Amino acid sequence: MKVAVVGATGMVGEVMLKVLEERKFPITELIPVASERSVGKIISYQGKEYSVVGLETAVSLRPDIALFSAGGGTSLEWAPKFAEVGTTVVDNSSAWRMDPTKKLVVPEINANVLTKEDKIIANPNCSTIQMVMALNPLHKAYKMKRVVVSTYQSVSGTGVKAVRQLENEIAGIEGEMAYPYPIGRNALPHCDVFEENGYTKEEMKLAKEPQKIMNDSSFSVSATAVRIPTAGGHSESVNVEFENDFDLSEVRQLLSETPGVVVQDNTDTNTYPMPIYAHNKDEVFVGRIRRDESQPNTLNMWIVADNLRKGAATNTIQIAEYLVEHHLV
Ligand SMILES: NC(=O)c1ccc[n+]([C@@H]2O[C@H](COP(=O)([O-])OP(=O)(O)OC[C@H]3O[C@@H](n4cnc5c(N)ncnc54)[C@H](OP(=O)(O)O)[C@@H]3O)[C@@H](O)[C@H]2O)c1
């Protein structure tokens, strides 16, 4: 496969290159792509050096697959240009996720919707992916009515500029700010921009994307997204009300049997998911599984995953792997 990585110099792009290498994705030619600022910069992949190219050059090279993580504006403008020359684009931005003509895919849940005709495929939001990975098997078993989620999100979810802001604050250096306030020793109830309804875009992604991925609009999601000064992954406190009652040991069993999900749940040994353990891992970790004693058929749990891996790069590459394995590219 001739593979372009668009946004190769960014946080997600760098992890994308690492994951492609780790998973031995069948690359015959790698095309690292970034903005004009980075053209000519050297990227190393599998011990070989590659020079970063611009978008126009990348389109002219007609890759089989383009893995995009360069922001919504770049995707909106350039993904169709790649699609026109026959490239299949898997896009990490929010540009195409809610477009009814585009598929929104978490491979463990709905890769079977993909066809050869899908030339632009959307990767869901990072906090959505980890949440639906845990919710999907439980929804099948007990039927969800309503989900209330509060997130505790890593600065790596905002990109290189935000990680630098936190590092500068820790080192006492004044520098460029990615957020309107300091992030060190702080918690910002503000991920992405505010919308007219008072929610942030991130909160609305959590509210709307799960139904599309799970192809079921019978449940609703309410979200509060908070940025905290961690780097290794996003955490989520998730409260789920089901139509039907459940047995806690069966919930643990169902989650343990779900590919890509790991249960870390033992209060006797202080075992629960944390970003420092999820960092650099592809799995979604679930713990603090307990009954909500304030109302019937309701469950509380804590879900953690590395937002740059399963939340972005790994999920994207799993989609690409599915396309290759099923001869859809
Ligand atoms: N971070 C996460 O956890 C996460 C998770 C899921 C999805 N995403 C999405 O992935 C995308 C990238 O996020 P990130 O965190 O990796 O951001 P980032 O660290 O700021 O990196 C942005 C990348 O995009 C490139 N880029 C920016 N403008 C461009 C342009 N006009 N043309 C070509 N390339 C351009 C940058 O190239 P230069 O180095 O040349 O500027 C860089 O490689 C965003 O759409 C984001 O919403 C991020």
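Residues numbered from 1 in each chain as written. Predicted model: local features only at pLDDT ≥ 70, side-chain atom pairs only at ≥ 80, totals over all residues. Heavy atoms only, no water.

(A) Quick look at the site of the ligand. Among the 26 residues in the neighbourhood of the ligand, the closest are listed as Thr9, Val12, Ser35, Arg37 and Ser38. A distance of 2.8 Å separates an oxygen atom of the ligand from a polar atom in the backbone of Val12. Among the elements of the structure, helix 1 (11-22) and helix 10 (309-325) are those that each provide at least two residues to the shell around the ligand. Residues of the shell around the ligand, tallied by class, amount to ten nonpolar, 15 polar and one charged. (Near = heavy atom within 4 Å. Polar contact = N/O pair within 3.5 Å; in protein donor to acceptor, adjacent residues only side chain to side chain. Helix = DSSP H or I, 4+ residues; strand = E, 2+ residues; numbered from the N terminus. Nonpolar A, V, L, I, M, F, W, Y, C, P; charged D, E, K, R; others polar.)

(B) Geometry of the pairing of strand 5 (residues 65-68). Burial along strand 5 is two-sided: the face carrying Ile65 and Leu67 and the face carrying Ala66 and Phe68 are both buried. In the sheet, strand 1 (residues 2-6) pairs with strand 5 via four bridges, with the strands oriented parallel. For Ala4, the partnering residue across the bridge sits in strand 5 and is Ala66. The sheet contact formed by strand 5 and strand 6 (residues 88-91) spans four bridges and is parallel. Directly across from Ile65, in strand 6, lies its bridge partner Thr88. Regarding topology, helix 3 (residues 72-84) serves as the crossover connection from strand 5 to the parallel strand 6, and that connection is right-handed. (Buried < 20%, exposed > 50% of the residue type's maximum accessible area, 1.4 Å probe, protein only. Pairing = 2+ DSSP bridges. Right-handed = clockwise from strand over helix to strand, strands pointing away.)

(C) Here's a closer look at the nonpolar core. If you look at the biggest cluster of nonpolar residues, it comprises 52 residues, and the most contacted ones within it are Phe82, Val238, Leu255, Val286 and Met301. Tallying contributions element by element places helix 5 (residues 126-142) first for this core, with eight residues. Other than its neighbours up to four places away in sequence, Val238 contacts Met131, Leu135, Val147, Val148, Val149, Leu299, Asn300, Met301 and Ile303. Membership of the second largest hydrophobic core comes to 33 residues, among which are Leu20, Ala312, Ala320 and Tyr322. (Core = buried A, V, L, I, M, F, W, Y, C linked by side-chain atoms within 4.5 Å. Contact = heavy atoms within 4.5 Å.)

(D) A look at the side chain of Gln211. Within the secondary structure, Gln211 sits in helix 7 (residues 201-214). According to the relative accessible area criterion, Gln211 is buried, its value standing at 14%. A distance of 3.1 Å separates the side chain of Gln211 from the backbone oxygen of Ala207, its partner in a polar contact. The residues touching Gln211, leaving out its near neighbours within four places in the chain, are Asp216, Ser217, Phe219, Ser220 and Val221.

(E) Region of interest: the sheet that holds strand 1. Taking strand neighbours across the sheet as the criterion, the six strands line up as 2-1-5-6-8-7 in an open arrangement whose pairing is parallel. If you trace the sheet from one side to the other, it starts and ends with strand 2 (29-33) and strand 7 (103-104), each paired once. As paired strands, strand 7 and strand 8 (residues 120-122) are joined by two bridges and run parallel to one another. Within the sheet, the bridge partner assigned to Lys103 lies in strand 8 and is Ile121. Running over the sheet, helix 10 touches strand 5, strand 6 and strand 8 and is turned about 165° from strand 5. (Axes fitted to C-alpha atoms, helices over the stretch in contact; angles between N-to-C directions.)

(F) Local environment of the pairing of strand 14 (residues 298-305). For strand 14, the tally of buried residues reaches seven of eight residues, placing the bulk of the element in the interior. Of the strand pairs in this sheet, strand 11 (residues 234-242) and strand 14 are connected by eight bridges, and their pairing is antiparallel. By the bridge assignment for strand 14, Asn239 is matched with Asn300. With five bridges joining them, strand 13 (residues 284-291) and strand 14 adopt antiparallel strand pairing. Bridge assignment links Arg290 to a residue of strand 14, and that residue is Asn300. A loop of six residues connects strand 13 with strand 14, the two strands running antiparallel in sequence, and Asn297 in this loop sits at a positive phi of about 55°.

(G) Fine view of the packing of aromatic side chains. In total, this model carries six aromatic pairs according to the counting rule given. Where Tyr152 meets Trp302, the ring centres are 5.1 Å apart and the plane angle is 65°; that geometry is what we call edge-to-face. Of this pair, Tyr152 sits in strand 9 (residues 144-153) while Trp302 sits in strand 14; the two residues are 150 residues apart in sequence, bridging distant segments of the chain. By relative accessible area, Tyr152 is classed as partly exposed at 33%. Each member of the aromatic cluster is reached from another via a ring pair, and the members are Tyr142, Phe242 and Phe246. The ring of Trp78 has Lys81 sitting right over it, with the charged end atom 4.2 Å from the ring centre. (Phe/Tyr/Trp six-rings, centres within 6.5 Å; stacked < 30°, edge-to-face > 60°. Lys NZ or Arg CZ within 6 Å of the ring centre and 35° of its normal.)

(H) Examining unusual backbone geometry more closely. The phi torsion at Lys143 lies on the positive side, around 65°, for a residue other than glycine. In this structure, Lys143 sits in the loop between helix 5 and strand 9. Under the relative-accessibility criterion, Lys143 is labelled partly exposed at 34%. Here Asn270, not a glycine, exhibits a phi torsion of approximately 55°, which is positive. With respect to the helices and strands, the residue Asn270 is situated in the loop between strand 12 (261-263) and helix 9 (275-278). Residue class for Asn270 comes out exposed when judged on its relative accessible area of 54%.

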